[in-house]
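Here's the letter readout for the chains.
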Amino acid sequence: MIRLPLAAALFGSILMAGLPAMAATPMKIGAILSLSGALEDYGAATRNAAELAVAQINAAGGVLGQPLALNIADDRSDAQGAVEAAHKLAGSEKVNAFLGPMSSAAYLAVAGTVAIPGGLPVVSPSATAASIDSLDGKGLIFRLAPSDLLQGAALAQVARDKSYRAVGVVYPDNDYGKGLADSFGKAFAKQGGKVTAAVPFDPKQAGSRGEVKAAAGGRAEALLVIGYPVNGAILLKQALDGGLFNKFLLSDGLKDPSLIEAVGGQFLDGVSGATAAPAPDAEGFVAFQKIYAGKYGDSSPVPYVDRAYDGVMLLALAAERAKSTEGAKLKDALRDVAGPSGEAIGPGDFAKAKQMIAQGKKISYAGAAGPYGFDAHGGVSGSFAHWQIQDGKFETVRVFTPKP
């Protein structure tokens, strides 16, 4: 005969086996976003996408039986601001993982000083500096946008599409700017092109005519502007007003409607750039654009917004897979839910994915900008869009996969 306490325990365990796992406390994601400063325009849309994902997840029952919380902090588009935000989120707010930061310099600072020492996964939708791969991330660092090694190659391909043979470059004096300028130069040289001059500028300053003038030396046909909307607009105006350039290539950080408004669409027709992007007809991307427009009245206006949505979804699915919100378990589960095998899960499918995980089935989150398959450094590959400004709007010319 089984004694009563043991029988009760067995009966309770049988009941619990059929119930979903429940976290002792709600999962908290600390979102370090650039809501002011140079990347302010990007920050607002990125916040919208992250909050959209949280709303969908909580409508499907939350994470491990509890509502998912998104704790947002502004890093002021600054590495020091990002570290301050990360310390607060990890300390007093006790988040389980980070979404962001958005810029490479801020990401490197947060990863090295807060996330890795604290054992917290850090997932950026938009940090692209190649130097991130040199971090000893202990499996905790992830980014959802391809490295600048690929973006440089993509920009070089766009330069070839435009038949440019000699290009001047201006770039912000930080990890993102230096790395992208270098990767573009190497890829462009492989294609027979030449960087006539590569001139850095202080990303915290507006820029000066001297930098654009220096980049115009060597008979450059076009100017590659690497930067963010505010300083990018000033540099473009200086180049146009001074008669130094009338042909331009633009980096991912400049694919923003505010740039066209600031400079004037009539001066930018035919200007091209490259940004990591899925095919316009990709199922997950189309689904996300429809969901985003339904909530905010328009499709996502700037790059990497789709990857912010995906970052929240991946962290939530990882917690469901790990049955835990602990950083050490989340980092392994992130690779599992984004792996190449399993049934594809897209935007809006969180309830379905959660059910499949509970049944022990394998899933593969394809997402708004995916699919994702993390390499040894927590990075991803992917396709790029060659886009062009036409009649005051960004139009996709083609989507392709560059070779570094």
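In what follows, the structure referred to is the one given above.
Residues numbered from 1 in each chain as written. Predicted model: local features only at pLDDT ≥ 70, side-chain atom pairs only at ≥ 80, totals over all residues. Heavy atoms only, no water.

## A word on the pairing of strand 1 (residues 28–33)
Definition in use: Classification of residues uses two cut-offs on accessible area relative to the type maximum, computed with a 1.4 Å probe and protein chains only: under 20% is buried, over 50% is exposed, and between them is partly exposed. Counting from the N terminus, the helices are DSSP H or I runs at least four residues long and the strands are E runs at least two residues long. DSSP calls a pair of strands paired once it identifies at least 2 bridges connecting them. A right-handed crossover is one whose linking path, passing over the helix from the first strand to the second, runs clockwise when the strands point away from the viewer.
Among the 6 residues in strand 1, 5 count as buried, and that is most of the element. As paired elements, strand 1 and strand 2 (residues 69–74) share 6 bridges and run parallel to each other. Bridged to L33 within strand 2 is D74. A crossover connection joins strand 1 to the parallel strand 2 through helix 2 (residues 40–59); in handedness this β-α-β unit is right-handed. Bridge analysis of strand 1 against strand 3 (residues 97–99) gives 3 bridges, and the strand direction is parallel. Residue pairing in the sheet places I29 in a bridge with A97 of strand 3.

## Let's talk about the nonpolar core
So the rule is basically this: Take the buried residues of types Ala, Val, Leu, Ile, Met, Phe, Trp, Tyr and Cys, join any two whose side-chain atoms come within 4.5 Å, and each joined set is a nonpolar core. Here a residue-residue contact requires only that any non-hydrogen atoms of the pair lie within 4.5 Å.
With 82 residues, the main nonpolar core has V63, F184, Y309, V312 and L314 as its most contacted residues. Top element by residues in this core is helix 11 (residues 305–322). It accounts for 11 residues. Not counting residues within four places of it along the chain, the set of residues in contact with L314 comprises L144, L334, V337, A338, Y365, Y372 and F374. L235, L236, V263 and V271 belong to the second largest nonpolar core, which has 25 residues in total.

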